[in-house]
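# Observations on the model geometry
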Amino acid sequence: MTDDWQWFWAGEGGRDRILRDEVEGLHAQLSSASSQTHRLSSQLASLSGSIETRLTALSAAFDAYVELGDVREELAAFEESARVRRSVMTAVDALAGGRPATAIDPGGLDYWLPYAMNAVIGLVGGQPDPAVLDQARALSPEADTFVVAACGALGRGAVVAHLLPGVLVSDTELTEHQQRIWRAAATGVFGDLDGLATVWQQALEAEPVVGWASWVDGYAPAPADGIGWLCALVTPDGPSVSPTGTAPRRAVDTPLGQLLPERSAVALPVTEVAPDGELRAVATDLIGRGMPAETPLLQRSRELRARIERPGESPGPAASSTPGEQPATVVSEVRRALLLPSTSPAVRATLLSWVGGALAAVTKRLMITVTRAQPAQETVRVAGAEVVVTPRGAEPAEVEAGVARLHALHHVPPALSVGLTAAAGVAVLLTLVLAVVGTDWAWLFGVVAVGCAIGAGRQLQRRRAAGRDEGAAEHRFRQQVREATERVGRAEEQRSAELVRLTGEAAALTAQLPAPAGSRTQAGG
């Protein structure tokens, strides 16, 4: 603010300036106050939202705590089954440590777990008891799954290999437990997998050849690369499971005879698994389910404990064992095992014996696609048209037609030149006649004669230049045709050599791939 003396000593212009400065200062103060008010309002709203969220989460956690007490009261009626589960975990810990385990007392319960664990104890100890396992099976279909997973996790998978086909039988998608057990089996945990062919053969035969071709196509950027990739697949080490580049997959319904040299989607990489961890997860999950009557209570108890321990987090669905992948089927799991370096050589050989017919059919179709590829050719443009050049050269008729178009393009009509020459001659003759007569028109016709002579000379020069350009263009065109013929010839020689090489590789690959008799896969597609 200004004092009275400043206002007094300022002139009329100075007073206007003082008033403008004060107005601008007040405006700046108002803007700053408004901004600060807005910032405080935002902080208050955020604080209110945070408090409300925390109060809601704490309220939900308290409700879960109260409900958990009710659930535990209901679970108290299943104390005997809880004792059985604790005994089972103690026995598993003893077997994992190489110590003998005590048989589990069923306690008069119709509970499959103690009988299945006793079967595991007998199998690990070298004293199998089929009767005990039959009792467990009679009480639950999960008994074999538990026995297979537990023995596999304890390093005794070979003693339950005969149970594997029954555990992995599937008509459509594999369950999570089946996926885990199979992925451990692929590493050789259960030894030979020949017995599994009887339950998986139908699903493998139902897969058409176009499905196998699409799988190969996802890892190979071209049909020729597909043959090389299949050759690597049948080697003991298998192909690379981390494809690079931008090779897309062909659509499933694309005929194999129409394989494209370029594609549009990168194949998903295949990840490794820990077989022991997978099998322990299966066994632990089956133990934690409890008896059928208490399964919902145990599940609810776990959900409530998670809500209490992690308030504010919304309970989501259980994470898939294969995030980002399509639902696991027999075919997809066999393909996956073929790509993993951890797959044992014996298991890889067994898998190849199952799918050898399909891969041989894919190889045959890929070779058909390669051999049907169009021969190399180029096009040479001439006077707005194109001449196709093949390894045998261009068609003579097309070459001559191109030369004719060049002639037409550079042709200069002689009519104007002839007309100007004749006009110049007539004008000269008239100039001479009029000069003899002595008229003044003689000079005019003399000028006309000179102009016509100059025009005729220029027209003659133009025709000569057009002739030179025409000859140069024809020479260039014929040179381009010769060079294109040489390039196409070299490309065709390389293609022929590549075709011979691929034919040899395909023949060797087909000889390596076993083709099961009566396989319908070879006819599919």
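Check the entry above for the structure.
### Let's talk about the overall build of the chain
Of regular secondary structure, the chain possesses 18 helices and 3 strands. The buried share of the chain, reckoned over its 525 residues, is 38%. Within the chain, contacts between residues at least 6 apart in sequence are counted, and of these 72% link residues at least 24 apart.

### Points about the sheet that holds strand 2 (residues 385–390)
Strand order in the open sheet made by the 3 strands is 1-2-3, with antiparallel pairing throughout. The open sheet terminates on both sides in strands that have one partner only, identified here as strand 1 (378–382) and strand 3 (393–394).

### Thoughts on the pairing of strand 2
In this sheet, strand 2 lies alongside strand 1 in antiparallel orientation, the contact comprising 5 bridges. Across the sheet, residue Thr-379 finds its bridge partner in strand 2, namely Val-388. Relative to strand 3, strand 2 runs antiparallel, the two being bridged by 2 bridges. The residue bridging Val-389 from the neighbouring strand is Ala-394, located in strand 3. The turn linking strand 2 back onto strand 3 is made up of 2 residues.

### Some points on a nonpolar patch on the surface
Taken together, the side chains of Trp-441, Trp-443, Leu-444, Val-447 and Val-448 present a nonpolar region at the surface, about 540 Å² in accessible area. Its location among the elements puts Trp-441 in the loop between helix 17 (415–437) and helix 18 (442–512).

### Remarks on the packing of helix 10 (residues 209–217) against helix 14 (residues 330–339)
Packing of helix 10 against helix 14 leaves a shortest axis separation of 12 Å and a crossing angle of 35 degrees. In the crossing of helix 10 with helix 14, the sense of the turn from one axis to the other is right-handed. Along its contact with helix 10, which presents Gly-211, Trp-212 and Trp-215, the element helix 14 presents Val-331, Arg-335, Leu-338 and Leu-339.

### Quick look at the pattern of salt bridges
Applying the stated criterion across every chain, the model contains 10 salt bridges. Its salt-bridge partner being Arg-137, residue Asp-134 comes within 3.1 Å of it at the nearest N-O pair. Of this pair, Asp-134 and Arg-137 are both found in helix 5 (residues 130–139), 3 residues apart, which corresponds to roughly one turn of the helix. Taking the relative accessible area as the measure of exposure, Arg-137 reaches 35% and is therefore partly exposed. The closest approach of N and O atoms between Arg-183 and Glu-333, which form a salt bridge, is 2.8 Å.

### Quick look at the packing of helix 3 (residues 79–96) against helix 4 (residues 112–124)
For the pair helix 3 and helix 4, the least separation of the axes is 10 Å and the interaxial angle reads 15 degrees. Judged on the interaxial angle alone, helix 4 and helix 3 are roughly parallel. Crossing handedness for the pair helix 3 and helix 4: left-handed. Judged by residue contacts, Val-84, Arg-85, Val-88, Ala-91, Val-92 and Leu-95 of helix 3 engage Leu-113, Pro-114, Met-117, Val-120, Ile-121 and Val-124 from helix 4.

### Section: empty space enclosed by the protein
In the structure shown here, the tally under the stated rule is 2 cavities of 30 Å³ or more. Considered as a void within the structure, the second largest cavity measures approximately 30 Å³ in volume. Taken together, Trp-182, Arg-183, Ala-186, Glu-333, Arg-336, Ala-337 and Leu-340 form the lining of the second largest cavity. Residue assignment for the lining of the second largest cavity shows that the elements contributing at least two residues are helix 8 (176–185) and helix 14. Looking at which element gives the most residues to the lining of the second largest cavity, the answer is helix 14, with 3 residues. A breakdown of the residues in the lining of the second largest cavity according to their chemical character gives 4 nonpolar, no polar and 3 charged.

### Here's the deal with the packing of aromatic side chains
Per the counting criterion, the structure on display carries 7 aromatic pairs. Judged by centre distance (5.7 Å) and plane angle (70 degrees), the ring pair of Trp-112 and Phe-146 falls under edge-to-face. Pair noted here: Trp-112 is in helix 4 and Phe-146 is in helix 6 (residues 143–153), with a separation of 34 residues, a long-range link. Assessed through its relative accessible area of 1%, Phe-146 is described here as buried.

Definitions and limits used
- Residues numbered from 1 in each chain as written.
- Predicted model: local features only at pLDDT ≥ 70, side-chain atom pairs only at ≥ 80, totals over all residues.
- Heavy atoms only, no water.
- Helix = DSSP H or I, 4+ residues; strand = E, 2+ residues; numbered from the N terminus.
- Buried < 20%, exposed > 50% of the residue type's maximum accessible area, 1.4 Å probe, protein only.
- Contact = heavy atoms within 4.5 Å.
- Pairing = 2+ DSSP bridges.
- Patch = residues over 30% accessible without salt bridge, like charges linked within 9 Å, V, L, I, M, F, W, Y side chains within 5 Å.
- Areas by Shrake-Rupley, 256 points an atom, 1.4 Å probe, with all protein chains shown as cover.
- Salt bridge = Lys/Arg side-chain N within 4 Å of Asp/Glu carboxyl O.
- Axes fitted to C-alpha atoms, helices over the stretch in contact; angles between N-to-C directions.
- Left-handed = near helix turned anticlockwise from the far one by under 90°.
- Parallel < 35°, antiparallel > 145°, perpendicular 65-115°, else oblique.
- 1 Å grid on protein atoms, 1.4 Å probe; cavity = no way out; pocket = protein on both sides within 12 Å on 5 of 7 lines; lining within 4 Å.
- Points joined across faces, edges and corners; volume = space filled by probe spheres on them.
- Nonpolar A, V, L, I, M, F, W, Y, C, P; charged D, E, K, R; others polar.
- Phe/Tyr/Trp six-rings, centres within 6.5 Å; stacked < 30°, edge-to-face > 60°.

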